[in-house]
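Commentary on secondary and tertiary structure
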Amino acid sequence: MKYTILIADDSRLYFEEIEKAFRQLGDGYKLIWAETGRMAYNLAEKHHPDLILMDVIIPEMNGVRAIQALKENPETADIPVIMLSAPESLYAAYESGAHDFISKPFNHYELLMRVRSSLTLIDKIKEIKKQKEKLEQENYKIFRQQKEMIDDITYSKRIQNAILPTESLIRSIFPDHFILDIPRNIVSGDFYWVGKKGNKKIIAAADCTGHGISGAFMTMAGIAFMNDIFNRYNTEDPAEVLYLLREHVMKLLQQKGIEGEASDGMDIALCIIDEKDRHINFAGANNPAYLINDEGLQVLKADRMPIGIHVNFSTPFTSTCVCYKQNDMLYLFSDGFPDQFGGPENKKFRYKQFQDLLTSIHSLSSNEQHDILKKTFYNWKGEEEQVDDILIFGIRLF
């Protein structure tokens, strides 16, 4: 490797003396001479030398001012400078930005050792810079990949939102409702579904295996299957709907009950509501529902099996029929809220506390309930990581 060294000294004799000293080191050095401070500045800009030897007292622009100008220029600021001058100029030399100092008249051996030491340091700095640039390039590459991934996921969120029931549709079926939907990632593995068939109103809330992209794929399939089932089959039995949904999911995932195959699927609560007779037909796959009024909380119990492959995958689901009163609240939800870690002892929120919370707010407006649940969740979670997607769908019954 050949080093370029700029020597700024108005004495040609000093330049020749330095040149003579460098010959002892071989031909690995290219020396450039500047006899004024202005010339030194211009040559440094043009050649970007590895090292500058700068005399303090030189014409046009003294050495101190020349170094200051070089340090103010981003293109030359990193070039190390050894100041050549009398000892009384030492303070001014370091203040200007010089990193080393040699007094005149100098010893050849001392000069060469100082130069070698500086060049060794330069080589290390260059290697560090090279590694830094490589690291920055790799980081930028990772950043671009992450951005593309996030952009893709964000677009997936738009697609997911597009296939969920619209707010206007939900309001037309359930005028007084709220939905608390807080994905763990950008897209959610939970979904909700509403519909109307004859004089019956249908509501469902589901929790698919996983969260993020994997869960989101299942939510899209689940919504499509629910649409298909209610369009093709003339049934008002929620248990039969869950049985058909399980068949659809197992067919999609090619689940045949073979040992070791993936057990992906979903948990779901489904209600078919008859407002005329004021009763609810309920069926659940692992997920219950809560019916709350001033008399207390009633748990609509789910079957202990999922939508998907299971040891009892051929067993039918069961329906439960319950009566309700006007202004009762019905809640469907995933397990994300009660399973969230937090609080003063970093424990799960748990279902008992969740039930107590819903009971305490059930008489409030839907907007108030939504806001209290959201605030409670974030206060409980604190700085802890969100463990799962959150979904709570509450409706006021009429």
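Refer to the structure above for everything that follows.
Regarding a nonpolar patch on the surface
A cluster of nonpolar side chains, namely Tyr155, Ile159 and Ile163, defines an oily patch on the protein surface of about 260 Å² accessible area. Its place among the elements puts tyrosine 155 in helix 5 (residues 108-163). Residue classification places tyrosine 155 among the partly exposed positions, given a relative accessible area of 48%.

Digging into unusual backbone geometry
Note: most residues except glycine have negative phi, and most peptide bonds are trans. Residues other than glycine seldom take positive phi values, yet histidine 48 does so here, at roughly 50 degrees. With respect to the helices and strands, histidine 48 occurs in the loop between helix 2 (37-47) and strand 3 (51-55). Residues other than glycine seldom take positive phi values, yet arginine 278 does so here, at roughly 55 degrees. Within the secondary structure layout, arginine 278 lies in the loop between strand 9 (265-274) and strand 10 (279-285).

Quick notes on the pattern of salt bridges
Under the counting rule described, the total for this entry stands at 17 salt bridges. Between lysine 200 and aspartate 274 there is a salt bridge whose closest N-O contact spans 3.8 Å. Taken together, the residues lysine 200 in strand 8 (residues 200-208) and aspartate 274 in strand 9 connect sequence positions 74 residues apart. Across the pair, exposure class does not vary: lysine 200 and aspartate 274 are buried alike. Of the charged contacts in the structure, one is a salt bridge between lysine 347 and glutamate 345, with a shortest N-O distance of 3.0 Å. Each of Lys200, Glu236 and Asp274 takes part in a single network of salt bridges with overlapping partners.

A short note on helix 8 (residues 238-252)
Compared with the 21 Å implied by 1.5 Å per residue over 15 residues, the 21 Å span of helix 8 between its first and last C-alpha is a close match. Pro238, Ala239, Val241, Leu242, Leu244, Leu245, Arg246, His248, Val249 and Met250 are the residues of helix 8 that are buried. On its buried side, helix 8 packs onto helix 7 (212-232), strand 9, strand 10 and strand 13 (307-308). Structurally, the start of helix 8 carries an N-cap: the backbone nitrogen of alanine 239 is 3.1 Å from a side-chain oxygen of aspartate 237. Taken from the residues just after helix 8, glutamine 254 is the one with a positive phi, measuring 55 degrees.

So, how was this worked out
- Residues numbered from 1 in each chain as written.
- Predicted model: local features only at pLDDT ≥ 70, side-chain atom pairs only at ≥ 80, totals over all residues.
- Heavy atoms only, no water.
- Patch = residues over 30% accessible without salt bridge, like charges linked within 9 Å, V, L, I, M, F, W, Y side chains within 5 Å.
- Areas by Shrake-Rupley, 256 points an atom, 1.4 Å probe, with all protein chains shown as cover.
- Salt bridge = Lys/Arg side-chain N within 4 Å of Asp/Glu carboxyl O.
- Helix = DSSP H or I, 4+ residues; strand = E, 2+ residues; numbered from the N terminus.
- Buried < 20%, exposed > 50% of the residue type's maximum accessible area, 1.4 Å probe, protein only.
- Expected span 1.5 Å × (residues − 1).
- Contact = heavy atoms within 4.5 Å.
- Polar contact = N/O pair within 3.5 Å; in protein donor to acceptor, adjacent residues only side chain to side chain.

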